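Read off the chains here:
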Amino acid sequence: MAFAASFRYMLGLPLPNAIELISVRRSFGRTPDLADRVAIAFGSKPTAHVLQAVDGVDLTIEQGEVLGLVGESGCGKSTLGRLVAGILPPDSGDVLFNGEPMADKTKEKTRTGLGVQMIFQDPAAALDPRQRIVDAITEAPIAHELIQRSEARAFAVEALDRVGLQEDSLDRYPHQFSGGQRQRICIARALAVNPGVVVCDEPVASLDVSVQAQIINLFLDLRDSLNLSYLFISHDISVVEHVSDRIAVMYLGRIVELAATADLLANPMHPYTRALLNEVPTLDRPLSEEHMLAGELPSPFSPPSGCRFHPRCPIAMEECRSRAPRLLPLSSGHHVSCLAIHEED
Amino acid sequence: MTRTGLLSIQGLRTEFSTPDGPLAAVNGVDLEIARGDVLGIVGESGSGKTVLGLSIMGLVDRPGRVTAGRIAFDGTDVTAFSEAQWQGLRGNRIAMIFQDPTTSLNPVQRIGTQMIEAIQAHRDISSGAAWQIVREAMVRVGINSPDERLAAYPHQLSGGMRQRVVIAIALLNEPDLIIADEPTTALDVTVQSQILRDMRRLCRDSGSALIWISHDLGVVAQIAHRVAVMYAGRIVEQGATMELLKSPSHPYTAGLMASMPANSPRGQRLVSIPGGLPQLSNMPKGCSFAPRCTRATEACEVPPDLSFISPGHGVRCVFPLHVGAALAERN
Ligand SMILES: Nc1ncnc2c1ncn2[C@@H]1O[C@H](COP(=O)(O)OP(=O)(O)O)[C@@H](O)[C@H]1O
Ligand SMILES: Nc1ncnc2c1ncn2[C@@H]1O[C@H](COP(=O)(O)OP(=O)(O)O)[C@@H](O)[C@H]1O
Ligand SMILES: [Mg+2]
Ligand SMILES: [Mg+2]
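Residues numbered from 1 in each chain as written. Chains lettered and ligands numbered in written order. Predicted model: local features only at pLDDT ≥ 70, side-chain atom pairs only at ≥ 80, totals over all residues.

**A word on the site of ligand 1**
All names here are of chain A.
- Taken together, F28, L51, A53, G71, S73, G74, C75, G76, K77, S78, T79 and P300 make up all the residues around ligand 1.
- Broken down by element, the shell around ligand 1 gets its largest block of residues, three residues, from helix α3 (residues 77-85).
- Residues that form the shell around ligand 1 fall into these classes: five nonpolar, six polar and one charged. (Near = placed C-beta within 6 Å. Helix = DSSP H or I, 4+ residues; strand = E, 2+ residues; numbered from the N terminus. Nonpolar A, V, L, I, M, F, W, Y, C, P; charged D, E, K, R; others polar.)

Structural data, given as structure tokens:
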């Protein structure tokens, strides 16, 4: 795979996308909760509950690119991240890594599967409390025969050094570290298998502001030195804005807008993106009096028909109730999924 | 508008006894809040914000204890109040809103029932009259179909809706002071901004004073007239919001602001504060921020006194920033 990429590069061909998603869908069934079980016990017909967490997403991440993903909680960001990382298989559609189908890591452990790694919000939960740091970092590289057992300690020292931790961390356990240090350990572990793509799912959300900045800097440094691609997921737009080359905005399982970062922020097109940006608290602008987003996020179990944003949309047209817009490019290269906008373009 | 004092805190110290010895979660805090004031308290996790809020509410539980200082509420010293005395104040003249609304709601009781009981605990009023008050309170916090929500159980509402209900309950008895402890931290920005707007309006209308606690300076800046920055149990800087944001004087405040992604050019490394919070059980002798501070010298090995950069803008630092600038502006 590495050979193929460098070969294409020598021939002056465009590099393949690191990640390509084609019409990817993933749903979850809801296990009946107490209220459902009571209703069923009293003779109601069990309602079939399926939730479309990711509903037909097309997306690419170029080599060396940081793609940011934002949206309200429950919109499907983590599910999309897990699909990209191969730790959750799609119901339909394709996830390609360097042009090849992504390994389904839930079934097979292959070396190509190592090419995409994931970092989670809660570093404490991601680490085994009984595993020493040296073992946490070298477990996968040894299992996949990337390194010899005899090299493990030297390898781990280097891996820790890359994330700013000292050799004396090797024989310690996760609880002996602060939250920021634990996230560094998770990053070192993810990078230990030389991935090309790292899915970062809210990687700084559980950290304090002053530590958050240290970890964001680490992500920026590693991207430069290792030419990594990131899918960088966060509900915090100021964080995503800072690290991303492009930003995708997600709403109820679908991408509603996708554009270069500067372009998206200077010229948000989708009414949802506009509302979202308007609500981000900043130091330089007081809270506007006007609230741009009506109502609450609809239940994902019964999403609105047509455009899923139409019940909250200030510019919704009659047509939006029945017809689902597609994510289409505008002349500016900005992609947006909105019938009202494409009508004008 | 002249603002008269409502809450006055002097030298407040709240300690927890732990296996490693006593630990001061709140370590000498002074605060003054007037009627109608909105004070924001910012600090990173573990800085003592929640314990400060609980101390003001008389809710510190063992192994914690207020060990020093004085809290006066509307002229009455409440520091030595009995639990019975507290129950007359709490939920009535002082209300607290917590980050997790489920802790404040009874899961097996309908919302409406809980709200009516909250009123009747403090007022002799018929259930019919209470129901009217409850409906109005729901509408005031932006809940449009109150009857439907009042009939619901807490788990049937979204997180944002639950937090609105808790706010409606806090406002029921028109308290003089509301302490809101990170009420929007678990919510999306879209819901957060709505709640911030509602709280701002409600406090304006009712004249209630508000203490808004958050780890996010951006959120506090949206709502507070004054900001107090907390670090390791102490308030290290305090001032009018605009003034404090324009000229942060404590190196920690300046560092917090600088480390916000919006304050660095896109894609560039952020300014970060080296190191992490000190352990409360093993605090530095003098200024608790000194081990992380680039300006620190031996002079910082004694706890710094509060000094004033300008009227109302106080800082606990031997080498505050912007002092020259502030003085020049005043002259
Ligand atoms: N394993 C699962 N089983 C059932 N539902 C799930 C599962 N994972 C996610 N969901 C649901 O899918 C939707 C999207 O979730 P998620 O991808 O976690 O969103 P986000 O990360 O944007 O908050 C949510 O409604 C969530 O409840
Ligand atoms: N019940 C308790 N027992 C022991 N220590 C406590 C207890 N509650 C809080 N603390 C300590 O008090 C300090 C301040 O906590 P807290 O007020 O919750 O911080 P914040 O709200 O700013 O995140 C923390 O170091 C915490 O460990
Ligand atoms: Mg998520
Ligand atoms: Mg707290």
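**Side note on the site of ligand 2**
- Lining the immediate surroundings of ligand 2 are 14 residues, of which F16, A25, K49, T50 and V51 of chain B lie closest.
- Elements supplying a minimum of two residues to the shell around ligand 2: β1 (5-18) and α1 (49-56) of chain B.

**Some points on the sheet that holds strand β12 (residues 313-316) of chain B**
Residue and element names in this part refer to chain B.
- Across the sheet, eight strands lie side by side as β6-β7-β8-β3-β9-β10-β12-β11; this open sheet has mixed pairing. In this open sheet, the two strands that pair with only one neighbour each are β6 (94-97) and β11 (306-310). Direction aside, neighbouring strands of the sheet carry axes that sit 20° apart on average.
- Both strand β10 (residues 234-240) and β12 contribute to a ladder of two bridges, which runs antiparallel. If you follow E237 over to β12, its bridge partner there is V315. (Pairing = 2+ DSSP bridges. Axes fitted to C-alpha atoms, helices over the stretch in contact; angles between N-to-C directions.)

**Re the interface of chain A and chain B**
- Counting from both sides, the interface comprises 31 residues of chain A and, opposite them, 33 residues of chain B.
- Counting residues per element, the ones that place at least two in the side of chain A that touches chain B are α8 (209-226), α9 (237-243) and α11 (271-278) of chain A.
- Of all the elements, α8 of chain A adds the most residues to the side of chain A that touches chain B, at eight residues.
- Residues of the side of chain A that touches chain B, tallied by class, amount to 14 nonpolar, twelve polar and five charged. (Contact = placed C-beta atoms within 7 Å.)

**Focus: α1 of chain B**
Residue and element names in this part refer to chain B.
- In terms of burial, α1 is largely enclosed, as eight of its eight residues are buried.
- Those residues of α1 lying buried are K49, T50, V51, L52, G53, L54, S55 and I56.
- Among the residues trailing α1, G58 stands out with phi positive, at a value near 65°. (Buried ≥ 20, exposed ≤ 12 C-beta atoms within 10 Å, placed from the backbone.)

**Brief notes about the confidence of the model for chain A**
- On average, residues of chain A carry a pLDDT of 89, and 90% of them reach 70 or more.
- Low pLDDT, under 50, characterises residues 1-5 of chain A; the stretch is placed with five contacts to residues that sit more than four places away or in other chains. (pLDDT = per-residue confidence, 0-100.)

**Examining unusual backbone geometry**
- The omega torsion across R62 of chain B and P63 of chain B is 10°, close enough to zero to call that bond cis.
- The topology assignment puts P63 of chain B in the loop between α1 and β4 (64-73).

**Re the nonpolar core**
- The biggest cluster of nonpolar side chains holds 178 residues, and the ones touching the most others in it are L231, F232 and V249 of chain A.
- With eight residues, the single largest contributor to this core is helix α6 (residues 159-171) of chain B.
- Sequence-distant contacts of F232 of chain A, defined by excluding residues within four places in its chain, comprise V66, L67, G68, L69, C200, V240, V243 and S244 of chain A. (Core = buried A, V, L, I, M, F, W, Y, C linked by C-beta atoms within 7 Å.)

**Focus: the sheet that holds β4 of chain B**
Residue and element names in this part refer to chain B.
- One open sheet accounts for four strands, arranged β2-β1-β4-β5; its pairing is antiparallel. Edge strands, defined here as strands with exactly one partner in the open sheet, are β2 (21-34) and β5 (76-77).
- In this sheet, β4 lies alongside β1 in antiparallel orientation, the contact comprising eight bridges. Bridging from a neighbouring strand, T14 pairs with V66 of β4.
- Docked against the sheet, α1 engages β1, β2 and β4, running at close to 65° with respect to β2.

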